[in-house]
Number of protein chains: 2
Amino acid sequence: MISEKMAKMASGGSVIRAIFEEGKRLSAIYGKENVFDFSIGNPSFPPPGSVKDAIIDIITNEDPMYVHGYPANSGYPEVRRAIADSLNRRFGTAYTEGNIMMTVGAAGGLSCTMVTLLNPGDEVICITPYFFEYNNYVTTPGGKVVTVPASAENGFMPDVDAIAAAVTPKTKAVILNSPNNPTGVIYPADLLRKYSDMLLEKGREYGTVIYTISDEPYRELAYDGAEVPWMPGCVANCIVCYSWSKSLSLPGERIGYVVVPSDIADGQLIFDAEVVANRMLGFVNAPSLMELVVARCVDEPTNIAGYDANRKLLYDGLTALGFEGAYPAGAFYLWIKTTIEESAFVEKAKSYNLLLVPGSNFGTPGYVRLAYCVSPDMIERSMTAFARLAADCGLGK
Amino acid sequence: MISEKMAKMASGGSVIRAIFEEGKRLSAIYGKENVFDFSIGNPSFPPPGSVKDAIIDIITNEDPMYVHGYPANSGYPEVRRAIADSLNRRFGTAYTEGNIMMTVGAAGGLSCTMVTLLNPGDEVICITPYFFEYNNYVTTPGGKVVTVPASAENGFMPDVDAIAAAVTPKTKAVILNSPNNPTGVIYPADLLRKYSDMLLEKGREYGTVIYTISDEPYRELAYDGAEVPWMPGCVANCIVCYSWSKSLSLPGERIGYVVVPSDIADGQLIFDAEVVANRMLGFVNAPSLMELVVARCVDEPTNIAGYDANRKLLYDGLTALGFEGAYPAGAFYLWIKTTIEESAFVEKAKSYNLLLVPGSNFGTPGYVRLAYCVSPDMIERSMTAFARLAADCGLGK
């Protein structure tokens, strides 16, 4: 009787969330210290002290009607100005509050952006492996995901020719995600420029505009001083969806923003429609206290060193055991080959209380994703279990 | 090039929000004290001190990873239990955390509920006058709003026979809102029981289930000790969408919940689908800190006395000038007849810096809505302007 689409989805659910719940179940049986949950991207470091200080200062000293009342649907202008100013300092841009809409996390921004852009039947290209929630944001307004593989041989970089071959007159957008979940790859500026030229050329050919949606929750998470190019600086018609979930460890608070640069096609119309979408989908506005908090923490550095140590520990441990995967340049995921059939690998891992997310959940079977936003202790304790898994898979010496 | 639906909506925008912005513009010209903005339901009293105390205590004493990390998509189980317990104490129900999903305000709850229930082409009955945002939540999954007028002669109570006449085999739900925005009416229990029997009868006739969605942001705002019946206690197959926006003056924080009682048709499936919808639409979860805050303030009384004083002041002032409208039993809106053609009335009012929302924005032309969640001072200062408006409309002696 209820929505047929939702009845199907309710029985399916989120694979990552299901593993996360399985982890809690196993912990209750075997003890938390004997379960190795690498499933979910829940930051493992607390927010910086400046977040706590900002909350207490705002709650103590600001007018509560201002703090908790309705901001504009697009967010407090002064918050949006603080964000624009920070981006301008970092990336040499010239944004104003008119380019920034506050959102309920990057998920809220992506959802609003898809509703803003897509007519039913429009196509959105995603580069596999990719975060499967994109499917939901695309299908809400009746859009269709078209996948283009990024191959292991190519270091999981987007293949510009393959994307070009997938573009049709119905292609409305491409979603890019760099630093990438799940591969940890960072897309370099020259590749992005080549990609942008290709899309402009395709647009001329078809008389269309093909937007790029840059999903950037991991923007600050780049290791060894790697540069993450400012996407709208390399790519034409680019809309950015950002979140503080990872950079400030605030995933529960649902706070992020969308950047709609003025020089993209129909920029003002898109911005206005994003604000309507924010209201229409039921977000109304991003949470008000958190808007004020992030405005004060906009230049706060991310705890990269902590994740970097985990990256080394997990990568070195697993490659010593014979597992194969690229050393991630950003984000906090390790993407490794399963060596045996994926579901058998994942089940074997689970029998050792190792919780990994199957690659088919990112559109790329034969891999698993390990989130290393966990305690270094857990990584160390997990190595005995990984050694058993490696032995079962015929790895190692 | 962008979504045709959104391009149209972006040029339209929200009438209430546009008036709200107009108020800011006029304030800049004439001075804040000379503009009388009755447009938006932004609570005029600060949150109770317990909200501030809860925030500071949680931020100071709880683990920040718990406070700001991902809760379950449905919310913290302990928060949902606190809400269930409070409802059980007040309404003699037997809810558990399995009946409560935390939402991004009532808007988020309504949006998830519509996506959960509706197949494209399904019909949802709304009782005019009604909050126009319902149109958005219904059309996102492809549903269609069917309106049934509540007449002035009938004191703006729902007309059960008229609703019955509007039910078709495609009717999936009816949205009720009591205490009502914009009329201030509270629906009595006997009317609700008669309405419920009618829907059950219609469902048997068509072999369908017709759900009632109770939108309850004003539940605590009832004057003179008026009882607001617990809707699922009177109405079969009822889902409740609640928000603390009004009761705790937290509209900016986007915090509310959905109640899916276990005994409604497909109750468990609906609950599971609501949780998926919360993720799918991009909410992911209700803001985590605010979940913990409301759990501590769940039995906090609402500042009814303050709004009651405003209600008397505005109602007495306007009726003395000859305006016609019912004395509201709940919520914080006064619904009065325009006496002359609606848009002329609204424009004349604006020429005296009186900002009122036209009734046609609620599907019922010939009325205006005045939100009296304003300062008593503003109401007093506005009376000269209302007197001029009354004179222009040929009212008074």
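What you are looking at is a predicted structure, and each value in this text was computed from that prediction instead of being measured. (Residues numbered from 1 in each chain as written. Chains lettered and ligands numbered in written order. Predicted model: local features only at pLDDT ≥ 70, side-chain atom pairs only at ≥ 80, totals over all residues. Heavy atoms only, no water.)

### Comments concerning the environment of B:Ile163
All names here are of chain B. Put simply, the test is: Only DSSP runs of H or I reaching four residues or more are called helices, and only runs of E reaching two or more are called strands; each is numbered from the N terminus. Only protein chains enter the accessibility calculation, which uses a 1.4 Å probe. A residue is then buried if its area is under 20% of the maximum for its type, exposed if over 50%, and partly exposed in between.
Along the polypeptide, Ile-163 turns up in helix 8 (residues 160–166). Judged by its relative accessible area of 0%, Ile-163 falls in the buried class. The spatial distance from the C-alpha of Ile-163 to the C-alpha of Ile-255 is 31 Å, given a sequence separation of 92 residues.

### Points about the packing of aromatic side chains
How two aromatic rings sit relative to each other is given by the distance of their centres and the angle of their planes. Where we set the bar: Pairs were defined over the aromatic rings of Phe, Tyr and Trp, the Trp ring being its six-membered one, requiring ring centres within 6.5 Å. Orientation was assigned from the angle between planes: stacked under 30 degrees, edge-to-face over 60, tilted for the rest.
The final tally for this structure, using the stated rule, is 45 aromatic pairs over all chains. For the pair B:Phe45 and B:Tyr307, a centre-to-centre distance of 4.9 Å together with 80 degrees between the ring planes defines the contact as edge-to-face. Of this pair, B:Phe45 sits in the loop between strand 1 (36–37) and helix 3 (49–61) while B:Tyr307 sits in helix 13 (residues 304–320), and the two are 262 residues apart along the sequence. Across the pair, exposure class does not vary: B:Phe45 and B:Tyr307 are buried alike. Between B:Tyr130 and B:Phe132 the ring centres are 5.3 Å apart and the planes differ by 45 degrees, which places this aromatic pair in the tilted class. Taking relative accessible area as the criterion, B:Tyr130 reaches 5% and is therefore assigned buried. B:Phe132 gets classed as partly exposed once you look at its relative accessible area, which sits at 31%. The rings of A:Phe45, A:Tyr218, A:Tyr307, A:Phe332 and A:Tyr333 are connected pair by pair, giving a single aromatic cluster.

### Looking at the interface of chain A and chain B
Convention followed: We call two residues contacting when some pair of their heavy atoms lies within 4.5 Å. Each of two parts loses accessible area, computed with a 1.4 Å probe, when they are put together; buried area is these two losses added. The term salt bridge refers to a side-chain nitrogen of Lys or Arg lying within 4 Å of a carboxyl oxygen of Asp or Glu. Two N or O atoms count as a polar contact when they lie within 3.5 Å, although within protein this holds only if one can serve as hydrogen donor and the other as acceptor, and sequence-adjacent residues are included solely when both atoms are side-chain atoms. Classification used: nonpolar for Ala, Val, Leu, Ile, Met, Phe, Trp, Tyr, Cys and Pro, charged for Asp, Glu, Lys and Arg, polar for all others including Gly.
In this assembly, 77 residues from chain A lie in contact with 78 residues from chain B. When chain A packs against chain B, close to 6,200 Å² is buried across both sides, 62% of that on carbon and sulfur atoms. Considering only the surface of chain A that becomes buried against chain B, A:Met1, A:Tyr70 and A:Met280 emerge as the three largest contributors, covering 13% of it. Residue B:Glu133 pairs with A:Arg279 through a salt bridge whose shortest N-O separation is 2.4 Å. Counting across the chain A and chain B interface gives 33 residue pairs in polar contact (both at pLDDT 80 or more). Those elements that provide at least two residues to the side of chain A that touches chain B are helix 1 (4–12), helix 3 (49–61), helix 4 (64–68), helix 6 (105–117), helix 7 (133–139), helix 11 (267–280) and helix 12 (288–296) of chain A. In terms of residue count, helix 11 of chain A provides more of the side of chain A that touches chain B than any other element does, 8 residues in total. Among the residues forming the side of chain A that touches chain B, the class breakdown is 42 nonpolar, 23 polar and 12 charged.

### Topic: the state of the cysteines
Residue and element names in this part refer to chain A. Applicable threshold: Defined by distance alone, a disulfide is two cysteine sulfur atoms within 2.5 Å.
Taken as a whole, this structure holds 0 disulfides over all chains when the rule is applied. This cysteine, Cys-238, is not joined by any disulfide, and Cys-234 carries the nearest cysteine sulfur, 9.0 Å off. The exposure class assigned to Cys-238 is buried, which follows from its relative accessible area of 1%.

### A closer look at the pattern of salt bridges
Scanning all chains against the criterion turns up 34 salt bridges over all chains. For the salt bridge of A:Arg296 with A:Asp57, the shortest nitrogen-to-oxygen distance reads 2.5 Å. In this pair, A:Arg296 is assigned in helix 12 and A:Asp57 in helix 3, connecting sequence segments 239 residues apart. In this structure, B:Arg204 engages B:Glu201 in a salt bridge whose closest nitrogen and oxygen atoms are separated by 3.2 Å. Taken together, the residues span about one helical turn, with B:Arg204 and B:Glu201 both in helix 9 (residues 189–206) at a distance of 3 residues. Take B:Arg204: its relative accessible area is 59%, and that puts it in the exposed class.

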